[in-house]
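Read off the chains here:
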Amino acid sequence: MSEEKKGFFAKLISGLSKTRSNIVSGIDSIFKGFSKIDDDFYEELEEILIMGDIGVVTTEKIIEGLKEKVKENKIKEPEECKELLINTIKEQMDIGENAYEFENQKSVILVIGVNGVGKTTSIGKLAGNLKAQGKKVVLAAADTFRAGAIKQLEEWANRAGVDIISGNEGGDPGAVIYDAVGAAKARNADVLIIDTAGRLHNKKNLMEELKKIDRILEKEYPNVYRETLIVLDGTTGQNALVQAREFMNAANITGIVLTKLDGTAKGGIAVAIQSELSIPVKYICVGEQIDDLEKFNSEQFVNALFTQE
Amino acid sequence: MAFESLSDKLQNIFKNLRSKGKLTESDVKAALKEVKMALLEADVSFKVVKQFINSVTERAVGSEVMTSLTPGQMVIKIVNEEMVSLMGSETTEISLKPSNEITVIMMMGLQGAGKTTTAAKLASKFKSKGRKPLLVGCDIYRPAAIEQLKINGEKVDVPVFEMGTKHEPVNIAKAAIEHAKSNGMNVVILDTAGRLHVDEDMMNELAKIRENIDIHQTILVVDSMTGQDAVNVASNFEEKIGIDGVILTKLDGDTRGGAALSIKSVTGKPILYVSTGEKLTDIEQFHPDRMASRILGMGDVLSLIEKAEANIDAEKAKEMEKKMRKAEFDFNDYLESMAQMKNMGGMAEILNMMPGMGAQLKGAQLPDEKALGRIEAIILSMTPKERSNPSILNPSRKYRIAKGAGVDIAEVNRLVKQFEQSKKMMKQFSGMMGGKRGGKMGRFKFPF
Ligand SMILES: Nc1nc2c(ncn2[C@@H]2O[C@H](COP(=O)(O)OP(=O)(O)O)[C@@H](O)[C@H]2O)c(=O)[nH]1
Ligand SMILES: [Mg+2]
């Protein structure tokens with residue numbers, strides 16, 4: 001692990017274990033506090049997982065998986081369960097490859113999600129990250145709806161030192177994207193990242209607008225690697241699953257950015273989403289600074305859930 | 001959405017038990033397990049759910065439910081009552097000082113909760129009530145936050161006070177109050193930066209504002225989609241700053257909003273408003289009872305029941321119910337139930353309130369209000385015999401009726417068909433709405 005990565009890992013651990021009531025201490029206390037593996041033990045475990053936003057369905061799957069393993073391996077001591085549990089959760093999150101192919105090709109990243117989840121901020125961080133890799137990045141300020149959104153992205157473009165194409169507030173997001181594609185071509189950009197207005201997933205017309213954006217990209221910027229990231233707020237509960245499902249209907253989602261894991265929320269929803277929807281979490285964010293974004297690694301994430309500071 | 005509504009689930013559990021007449025404790029426990037799952041799916045805090053289930057169990061295992069012939073409804077009723085009592089039963093208005101004094105309100109919450117937008121909505125609300133609000137930009141961190149506030153202020157025509165991003169929020173707030181004094185403004189709304197409840201420096205910043213300024217109301221703005229962490233957030237803000245009221249945002253989404261219950265039960269502070277859209281007028285009074293059924297995934301089934309109780313003549317309804325059961329329902333009753341339907345506010349509204357019903361009824365082609373008028377005309381053109389025995393309606397009778405009502409014969413045909421469908425629907429409803437007699441709820445039978 002590189003120095004830089006370690007720093008981030010530490011941050012994640014500290015972010016995920018800021019309170020006594022987090023998954024970690026909870027889990028540890030039940031492994032130590034129970035003398036045998038019985039219904040009470042499983043019930044307690046269920047409680048801890050649900051309190052981490054893993055959700056009822058996925059929690060049940062995990063517990064079932066654990067019970068099987070306990071039986072198979074004839075395990076009697078709760079302490080011995082810990083490793084099995086970690087593995088069971090990892091299994092739930094294992095959805096095969098987790099590609100970052102867009103880094104190697106000319107690409108366009110469309111960033112979508114509901115209001116206030118951290119789309120613009122994540123784009124700023126991602127732009128900074130790609131720029132540091134020596135890539136030429138162009139941002140498109142296609143959130144023409146929310147007051148001040150364009151200025152906000154401009155500030156991030158500044159911080160990251162990348163180009164930005166923007167229009168007027170209240171203008172047509174399609175036009176901005178059209179212009180941005182033109183600029184990306186003309187400037188031979190490696191990556192074009194498009195910020196979009198927050199939209200609740202149950203608003204039909206706004207979801208239709210996403211399809212329109214998709215068509216523009218399809219038509220104006222063909223043969224470019226397409227990446228569509230949905231940003232989910234790590235403090236969100238079970239509704240994040242619904243969000244992901246609905247956005248999947250409107251766009252070909254290729255990955256998730258999970259934000260705000262620097263609080264006490266466990267982000268267990270990431271487990272639920274990977275398990276139930278098989279969309280990979282690609283990035284997680286643990287703060288508001290430009291370097292508070294990191295590629296997701298389920299191994300690391302689950303370990304972080306179970307590591308104490 | 002994927003999940004079956006809670007009331008459907010409970011009905012299913014109890015359906016098979018009816019024949020037994022009485023419920024055992026384990027029956028009730030099974031039902032409450034469903035309630036528990038529903039609450040957890042709705043993101044109510046696990047700890048709150050546990051307490052809640054305990055208090056419901058205590059009541060539900062009592063004789064009241066055990067001997068009831070409509071146990072499903074009894075359980076729902078108890079669950080709902082407990083829920084409403086937890087949510088608080090009254091609507092609460094935000095408290096303002098008299099107009100000749102300055103009321104200072106501080107908005108606070110996590111990042112992305114919707115503070116800035118909500119601040120502008122509140123300002124606009126106060127303005128329409130004749131107050132003179134001032135919005136104050138205290139978010140010196142997030143890029144363009146002040147810009148956002150200024151644009152929103154302009155939209156609602158409320159002045160915005162700001163000092164850029166180089167001053168401490170507490171000093172900005174002090175200066176803003178001076179500004180309000182000298183300009184005759186009487187409600188000062190501080191928009192603060194989003195912050196995590198565990199970020200000590202940032203929480204201290206709020207504490208400092210609170211210590212140095214006479215703040216009348218601190219408002220915690222919470223995203224209604226928040227998960228299990230809502231209790232940590234609320235209790236931290238309550239402990240470190242103190243909360244006077246809560247505003248829930250993004251309720252125009254489809255979240256069940258269990259965070260509301262968690263926050264209320266942890267802080268005991270009233271939820272004042274709900275924010276239901278991106279337009280600056282999209283803010284509404286909070287209704288605890290509605291929230292209760294939303295969290296339970298029951299639509300507004302209880303308000304529907306109340307509405308029905310208020311509007312439907314109990315005796316007539318009973319009689320109708322009997323007929324429905326025996327499938328004796330005819331066009332006379334149809335006419336009758338149409339009249340009652342009008343009292344209740346029309347088909348669309350009623351269906352909206354029925355959880356999970358919208359989808360089931362899609363194929364049934366519901367008439368709109370205008371069409372209802374024509375239906376009435378058609379039925380009135382039938383002879384009493386035809387009304388009470390629709391099976392005699394042959395083509396020549398239909399032709400006569402169509403002429404009498406001034407409609408196309410196709411429309412008469414459609415009505416007759418619809419009538420048959422309605423009969424089927426009613427069977428479903430009567431199944432859903434429960435038992436043979438008894439309780440308040442059992443009395444109401446869907447009239448259409
Ligand atoms: N603590 C924390 N705040 C974040 C994170 N990501 C974004 N935010 C904040 O969340 C708020 C909303 O972010 P924004 O990017 O404007 O959301 P958007 O509406 O989805 O574009 C801002 O105040 C951001 O600074 C994160 O990982 N941690
Ligand atoms: Mg944005």
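Notes on the structure in this doc start here.

What counts as what
Residues numbered from 1 in each chain as written. Chains lettered and ligands numbered in written order. Predicted model: local features only at pLDDT ≥ 70, side-chain atom pairs only at ≥ 80, totals over all residues. Heavy atoms only, no water. Pairing = 2+ DSSP bridges. Helix = DSSP H or I, 4+ residues; strand = E, 2+ residues; numbered from the N terminus. Contact = heavy atoms within 4.5 Å. Buried area = accessible area lost by both parts, 1.4 Å probe. Salt bridge = Lys/Arg side-chain N within 4 Å of Asp/Glu carboxyl O. Nonpolar A, V, L, I, M, F, W, Y, C, P; charged D, E, K, R; others polar. Buried < 20%, exposed > 50% of the residue type's maximum accessible area, 1.4 Å probe, protein only. Axes fitted to C-alpha atoms, helices over the stretch in contact; angles between N-to-C directions.

## Side note on the sheet that holds strand E4 (residues 187–192) of chain B
Residues and elements named next belong to chain B.
So, step 1. Here eight strands make up an open sheet; going across it, the order is E3-E2-E4-E1-E5-E6-E7-E8 and the pairing mixed. Pairing within the sheet leaves two strands with one partner each, and these edge strands are strand E3 (160–161) and strand E8 (283–285).
So, step 2. Two elements, strand E2 (residues 133–138) and E4, share six bridges in a ladder whose sense is parallel. For Gly137, the partnering residue across the bridge sits in E4 and is Asp191.

## So, the interface of chain A and chain B
So, step 1. The partner chain B presents 34 residues to the 44 residues of chain A that form the contact.
So, step 2. Taking both sides of the interface into account, the surface hidden between chain A and chain B amounts to around 3,400 Å²; carbon and sulfur atoms contribute 56%.
So, step 3. Here chain A and chain B share three salt bridges between them.
So, step 4. Between Lys151 of chain A and Glu147 of chain B there is a salt bridge whose closest N-O contact spans 3.7 Å.
So, step 5. Take the side of chain A that touches chain B: its biggest share by element is five residues, from helix H7 (residues 149–160) of chain A.
So, step 6. In the side of chain A that touches chain B, the residues fall into twelve nonpolar, 17 polar and 15 charged.

## Concerning the pattern of salt bridges
Oppositely charged side chains may form a pair once their charged atoms are brought near each other.
Residues and elements named next belong to chain A.
So, step 1. Here the structure, examined in full by the defined rule, presents 32 salt bridges over all chains.
So, step 2. Put simply, Asp38 and Lys36 hold a salt bridge, and the shortest N to O gap is 3.8 Å.
So, step 3. You can call Asp38 partly exposed: its relative accessible area is 22%.
So, step 4. A salt bridge links Asp163 to Arg187, with the nearest nitrogen and oxygen atoms 3.0 Å apart. Placement of Asp163 in strand E3 (residues 163–166) and of Arg187 in the loop between helix H8 (173–186) and strand E4 (191–196) is noted, with a sequence separation of 24 residues between them.
So, step 5. Owing to a relative accessible area of 37%, Arg187 belongs among the partly exposed residues under this scheme.
So, step 6. In the salt-bridge network here, residues are joined through shared partners; they are Lys136, Asp163 and Arg187.

## So, the sheet that holds strand E1 (residues 107–112) of chain A
Residue and element names in this part refer to chain A.
So, step 1. Pairing is mixed across the open sheet formed by eight strands, whose spatial order is E3-E2-E4-E1-E5-E6-E7-E8. The open sheet has two free edges, formed respectively by E3 and strand E8 (293–295), since each of these has just one partner strand. Within the sheet, the average angular offset between the axes of one strand and its neighbour, ignoring direction, is 25 degrees.
So, step 2. Summarising the sheet, strand E2 (residues 137–142) and E4 pair through six bridges and their orientation is parallel. Bridge pairing links Ala142 to Thr196 in E4.
So, step 3. Sheet contacts for helix H11 (residues 269–277): strand E5 (225–233), strand E6 (255–259) and strand E7 (281–285); angle to E6, the most-contacted strand, approximately 170 degrees.

The values reported here are purely geometric and, on their own, carry no functional implication.
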